[in-house]
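# Coordinate analysis (summary)
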Amino acid sequence: MPRPDKTPRLWRPMSQRGQSLVEFALSSVVLLLLVGGLVDLGRANFINEALSNASREGARHGAWFDAPHQSHPYLYDNQIKAEVDVELATISIPASVLQNPGTTCPAPADGNACHNPPYRNSAYPAVANQPWLYICYNNTPGLDFTSPATNQGQHDLNVIVLYAYGPLTPIVTAQFGIFRLATNQHMTVQGS
């Protein structure tokens, strides 16, 4: 039994209880920002891997050579786009917007001649969460195929998917805006 002249140890003044609540509120904001940022970074990495898979499958599909018929049956824009869109659909990314004909290869920002990243901001979609597809044949701007190409063996094929990633966390979006993700798969077309 506690002595009447002593106060119980569990009793705290009202001001200390309010202080704990304020400390928790301030620290929880920082914690939520960290968790939201980590979720957005993880999601961006996941989407970047999906874009990489899509560009790889599109390039692999276009580079295939049908030896018995001596042809490249899938080396044209619509077939490559269809393969890229199948891969994008596996994680619910909308179908790509083909930027061909005309502006086949996006201009690189660092002046390289191989059309590799980084690209200028104008090459990316202006709307968040929309992929743009560029197909470059033999690194030649303006060269497009609307039907299966012939005599393209040992030439280059670049399948480039550019994506404007919009973060889920409003604070991340307010601070950093959209992130530009780029994947480029370069393959040599098989056959002769």
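Now for a look at the structure at hand. (Residues numbered from 1 in each chain as written. Predicted model: local features only at pLDDT ≥ 70, side-chain atom pairs only at ≥ 80, totals over all residues. Heavy atoms only, no water.)

## Examining the pairing of strand 2 (residues 131–137)
- Burial analysis of strand 2 places seven of its seven residues in the buried class, the great majority of the element.
- Taken together, the two bridges between strand 1 (residues 97–98) and strand 2 define a ladder with parallel strand orientation. Each residue of the ladder has a partner; that of Val97, found in strand 2, is Trp132. (Buried < 20%, exposed > 50% of the residue type's maximum accessible area, 1.4 Å probe, protein only. Helix = DSSP H or I, 4+ residues; strand = E, 2+ residues; numbered from the N terminus. Pairing = 2+ DSSP bridges.)

## Concerning the nonpolar core
- Residues Leu51, Val84 and Leu157 are the most contacted members of the largest nonpolar core, which totals 26 residues.
- Those elements that place two or more of their residues in this core are helix 1 (14–63), helix 2 (77–89), strand 2, strand 3 (156–165) and strand 4 (179–188).
- For this core, the element with the highest residue contribution is helix 1, accounting for six residues.
- The residues touching Leu157, leaving out its near neighbours within four places in the chain, are Ala59, Gly62, Ala63, Leu75, Ile80, Ile135, Cys136, Tyr137, Gln185, His186, Met187 and Val189.
- Counting residues in each nonpolar core, the second largest holds nine residues, with Tyr119, Ala123, Tyr134 and Leu162 among its members. (Core = buried A, V, L, I, M, F, W, Y, C linked by side-chain atoms within 4.5 Å. Contact = heavy atoms within 4.5 Å.)

## Quick word on helix 2
- Across its 13 residues, helix 2 extends 18 Å between first and last C-alpha, which sits within 8% of the 18 Å expected from 1.5 Å per residue.
- Within helix 2, burial applies to Asp77, Ile80, Lys81, Glu83, Val84, Asp85 and Leu88. (Expected span 1.5 Å × (residues − 1).)

## Thoughts on the sheet that holds strand 2
- Taken in spatial order, the four strands of this open sheet run 1-2-3-4, and their pairing is mixed. Both outer strands of the open sheet, strand 1 and strand 4, are each paired with one neighbouring strand and no more.
- Alignment of strand 3 against strand 4, held across ten bridges, turns out to be antiparallel. Bridged to Asp156 within strand 4 is Thr188.
- Helix 2 rests against strand 1, strand 2 and strand 3 of the sheet, and its axis sits at about 140 degrees to strand 2. (Axes fitted to C-alpha atoms, helices over the stretch in contact; angles between N-to-C directions.)

## Quick look at the pattern of salt bridges
- Across all of its chains, the model carries two salt bridges by this definition.
- The closest approach of N and O atoms between Arg60 and Glu57, which form a salt bridge, is 2.6 Å. Within this pair, Arg60 and its partner Glu57 are both found in helix 1, separated by three residues, close to a single helical turn.
- Of the charged contacts, one joins Asp85 and Lys81 as a salt bridge, the two residues approaching to 2.5 Å between their closest N and O atoms. Within this pair, Asp85 and its partner Lys81 are both found in helix 2, separated by four residues, close to a single helical turn. Assigned by exposure class, Asp85 and Lys81 land together as buried. (Salt bridge = Lys/Arg side-chain N within 4 Å of Asp/Glu carboxyl O.)

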